[in-house]
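Spelled out, the chains give:
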Amino acid sequence: MHSAISLSVAAPFPAAGARSDAFPLAGGLRPAGIRFCGLRREALGLRRLRSPATGRIPPAPRGGSRGRSRAAAAAAAGAGNGSPASGFDYDLVIIGAGVGGHGAAVHAVENGLKTAIIEGDIVGGTCVNRGCVPSKALLAVSGRMRELHDEHHLKSLGLKVSSPGYDRQGVADHANNLVSNIRSNLTNSMKALGVDILTGVGTVVGTQKVRYGKVGLPDKEITARDIIIATGSVPFVPNGIEIDGKTVFTSDHALKLEWVPDWIAIVGSGYIGLEFSDVYTALGSELNFSLSLANLIGQVTFVEALDQLMPGFDPEIGKLAQRILINPRKIDYHTGVFAKKITPAKDGKPVLIELIDAKTKEPKDTLEVDAALIATGRAPFTKGLGLENINVVTQRGFVPVDERMRVMDANGNLVPHLYCIGDANGKLMLAHAASAQGISVVEQLCGRDNVLNHLSVPAACFTHPEISMVGLTEPQAREKAEKEGFEISVAKTSFKANTKALAENEGEGFAKLIYRPDTGEILGVHILGLHAADLIHEASNAIALGTRLQDLKVAVHAHPTLSEVLDELFKSTKVNAAVSRSINEPVAA
């Protein structure tokens, strides 16, 4: 799941890598690596076609000649899960079957590595079971409800809708069914590709050695040439907050939608908090579903430790988001305060929230609400991994790694054959970042050096309208420019100038590009508007591939489409035309 950039308790917000492979098919090529939130197309029930001659799944073509030969890797992948390196049970063992572990496992098998994945809970991890997937189901409903209740918008399009409502259990079932389907397809896809799924809690007991097992059953021990830790994270709950799962709860509980409170306090205004504010203000009280929108929407109160809401966003985007997503809705907020103590509702009394000043720690206020959602970020799930067996000391729970995800011990030395990806290493707590890190590690194991540029990894907040971003914010870019001695420029454009947005009557939106005019290098892109989460990837891929604005300014976009928002943004930049358009050096990680 996405991770919150901002916390109300001074802890960092822990929150789709895209890769498109192709395999031969009569008459041409078909995409074989479509992803959903970092999941392979197989996880959506879309199977790769098998070769009519052999009945096997053809491996995707790979570059590079180091490590195993391409022919050997292809033969192994075609035969199933390959054969392990001499003296080991597996080439690769992955502890944790979330999005990161899944991405690494599938890529490893495709490259001929005999692979096992250990999962102590259920396949899919946070993203599939308690994060990205179910939250998008709820947000899909909240988006429809907003549209159906926006009489002004509907009237402008010539539409009439009477008394729209919703069934809470039906909405919850939609989310639960989606989770079940994706989890089942994810599990079946790994089995079909030959990944061995081992059930139990995994522990590193020594170099290239893992033990796993269930409570009450004998443990089993296996060996692997390489090991990847991909255990993810759990909701972070600050001291003083009592969770009962009913009236005071985390996103894990909220996604079940067991009830819709009339008034809810959300502690934390990062991605998680902002998305849930969208859900609760759209759905409101389930008892009021037949009333007008003014009566339907629920009351939300944000509690934020920093002096402004959404402090992790680019400041300009944050201000616009507050004007569009906060101010017009039944949302109020307290900034610069900590929730020192939260007591669940009981004996007819409401939830009590004691607020103190974030700086002076003096008492500020006491809130009485129907429920409280704790959206203060996520904490790494790394206890019980046996890291002490290999002299690894976590840092605030995170496993220390280098830029290649190689684990480092207490002395700063690399631990041979051990890697850590995803939320557990804390580099970038997003599901698709975990998947990208996993693929990067497998590339290294196959002899192809690979370093993921984390500045090219996009992020999105699926509110209505959406927010997306990649790279640096403007303050971060200015700080970098001052330190390294170069100038930056900023280009901006509005959705009001986009034909497709106006046709949808969704002209309220904004896009911003931060770049180097001397080289044409993109430093950051931020979007708020219709389908912003889909639009960001053109900028993300440009950063990843090192594509300069000199090239992007002459690229072609279909008309009329929302993609022209980015087209206008690129064309409005003023870059050094003397710089050769052939420059395509990758941006440093």
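Everything below is about the structure shown above.
The rules behind each value
- The residue numbers shown here count from 1 along each chain, following its written sequence.
- With the structure being a predicted model, the display of local features is reserved for residues of pLDDT at least 70 and the display and counting of side-chain atom pairs for 80 or more, all residues being used for whole-chain, interface and lining totals.
- Only heavy atoms go into the side-chain values, all of them from the structure, while hydrogens and water stay out.
- We count a stretch as a helix when DSSP gives it H or I for four or more residues in a row; a strand needs E for two or more, and each element gets its number in order from the N terminus.
- Burial classes follow relative accessibility: with a 1.4 Å probe on protein chains only, a residue under 20% of its type's maximum area counts as buried, one over 50% as exposed, and anything between as partly exposed.
- To qualify as a nonpolar core, a set must consist of buried Ala, Val, Leu, Ile, Met, Phe, Trp, Tyr and Cys residues joined through side-chain atoms within 4.5 Å.
- In this analysis, two residues are considered to be in contact whenever any of their non-hydrogen atoms come within 4.5 Å of each other.
- Strands are labelled as partners when DSSP assigns at least two bridges between them.
- Interaxial angles span 0 to 180 degrees and are taken between N-to-C directions of axes, which are lines fitted to C-alpha atoms, for helices over the stretch in contact.
- Helix span, as expected, comes to 1.5 Å for every residue beyond the first.
- Aromatic rings from Phe, Tyr and Trp, with only the six-membered ring used for Trp, were paired whenever their centres fell within 6.5 Å, and each pair was classed as stacked if the ring planes differed by under 30 degrees, edge-to-face if by over 60, and tilted otherwise.
- Over a ring means this: the NZ of a Lys or the CZ of an Arg is within 6 Å of the ring centre and within 35 degrees of the ring normal.
- Roughly parallel refers to an angle under 35 degrees, roughly antiparallel to one over 145, roughly perpendicular to one between 65 and 115, and oblique to any angle outside these ranges.
- The hand of a helix crossing depends on one turn: near helix anticlockwise from the far one by less than a right angle means left-handed, and clockwise means right-handed.
- Each salt bridge in this description consists of a side-chain nitrogen of Lys or Arg and a carboxyl oxygen of Asp or Glu lying within 4 Å of one another.

Broken down by element type, the chain carries 16 helices and 25 strands. Burial status across the chain gives 55% buried among its 589 residues.

What follows is about the nonpolar core. Core analysis: the biggest nonpolar cluster contains 50 residues, and Val93, Ile94, Ile118, Ile222, Ile228 and Val407 have the highest contact counts within it. Mapped by element, the contributors of at least two residues to this core are β3 (90–95), α2 (99–110), β4 (115–119), α6 (168–193), β7 (209–213), β8 (220–229), β20 (414–420) and α11 (431–445). When neighbours within four sequence positions are excluded, Ile94 is seen to be in contact with Gly101, Ala104, Ala105, Thr115, Ala116, Ile117, Ile118, Ile228 and Ala230. Counting residues in hydrophobic clusters, the runner-up holds 48 residues, among them Leu138, Leu139, Ala375 and Leu452.

What follows deals with the sheet that holds strand β13 (residues 331–335). Taken together, the five strands give an open sheet; going across it, the order is β10-β17-β11-β12-β13, and neighbouring strands pair in parallel fashion. Edge positions in the sheet fall to β10 (248–250) and β13, since each has one partner strand and no second. With direction set aside, neighbouring strand axes in the sheet form an average angle of 20 degrees. Sheet analysis places strand β11 (residues 263–267) next to strand β12 (residues 299–304), joined by five bridges and oriented parallel. Bridge pairing in β12 links Ile266 to Phe302.

Between its first and last C-alpha atoms helix α4 (residues 132–149) spans 26 Å; for 18 residues at 1.5 Å apiece the expected length is 26 Å, and the two agree. With 14 of its 18 residues buried, α4 lies for the most part within the structure.

A separate point is the sheet that holds strand β15 (residues 351–357). Spatial strand order, β14-β15-β16: three strands in an open sheet with antiparallel pairing. Two strands lie at the open edges of the sheet, namely β14 (337–343) and β16 (363–369), each paired on one side alone. Averaged over all neighbouring strand pairs, the angle between strand axes comes to 25 degrees, with direction disregarded. Pairing analysis gives six bridges linking β14 to β15, with the strands arranged antiparallel. In the sheet register, Phe338 faces β15, and the bridge partner there is Ile356.

Right, let's get into the pairing of strand β25 (residues 522–529). Taken across its eight residues, β25 has eight buried, putting it largely inside the fold. Note that strand β22 (residues 466–471) and β25 share six bridges and pair antiparallel. Looking across to β25, one finds that Gly471 is bridged to Gly524. Pairing analysis gives six bridges linking strand β24 (residues 510–515) to β25, with the strands arranged antiparallel. Bridge pairing links Tyr515 to Ile522 in β25.

Looking now at the packing of aromatic side chains. Enumeration according to the criterion identifies two aromatic pairs in this entry. The ring of Phe486 has Arg516 lying over it, and the distance from NZ or CZ to the ring centre is 4.0 Å.

Moving on, we come to the packing of α2 against α11. When two helices pack together, their arrangement is given by the angle between the helix axes and the distance between those axes. Close contact between α2 and α11 brings their axes to 7 Å; oriented N to C, the two are set at 30 degrees. Comparing the axis directions of α2 and α11 gives the class roughly parallel. When you trace α2 past α11, the crossing you get is right-handed. Residues Val99, Gly100, Gly103, Ala104, His107 and Ala108 of α2 pack against Ala431, Ala434, Ser435, Gly438, Ile439, Val442 and Glu443 of α11.

What follows deals with the pairing of β22. Counting buried positions along β22 yields five of six residues, so the element is predominantly enclosed. Note that strand β21 (residues 459–461) and β22 share three bridges and pair antiparallel. Looking at β22, one finds that Ala459 is bridged to Met469. With antiparallel pairing between neighbouring strands as the criterion, β21 and β22 make up a hairpin whose turn holds four residues.

Before going further, it helps to examine α6. For α6, which comprises 26 residues, the first-to-last C-alpha distance of 38 Å matches the rise-based estimate of 38 Å (1.5 Å per residue) to within 8%. Those residues of α6 lying buried are Arg168, Val171, Ala172, Ala175, Val179, Ile182, Leu186, Thr187, Ser189, Met190 and Leu193. As for α6, its buried residues are in contact with α2, β4, α3 (125–130), α4 and β5 (196–199). Count one or two residues on from α6 and you reach Gly194, which has phi positive near 95 degrees.

Moving on, we come to the pattern of salt bridges. Applying the stated rule across the entire model yields 24 salt bridges. A salt bridge links Glu275 to Lys136; the shortest N-O distance between them is 3.7 Å. You can see Glu275 sitting in helix α8 (residues 271–283) and its partner Lys136 sitting in helix α4, a full 139 residues away along the chain. Lys136 shares its class with Glu275; the two are buried. One salt bridge in this structure joins Asp278 and Arg146, with 3.5 Å as the shortest N-O distance. Here the residue Asp278 occupies a position in helix α8, and Arg146 occupies one in helix α4, the gap between them amounting to 132 residues. Grouping residues by exposure puts Asp278 and Arg146 together as buried. In this structure, a network of salt bridges that share partners links the residues Asp314, Glu316, Glu474, Arg478, Lys492 and Lys512.

None of this, on its own, says anything about what the molecule does.
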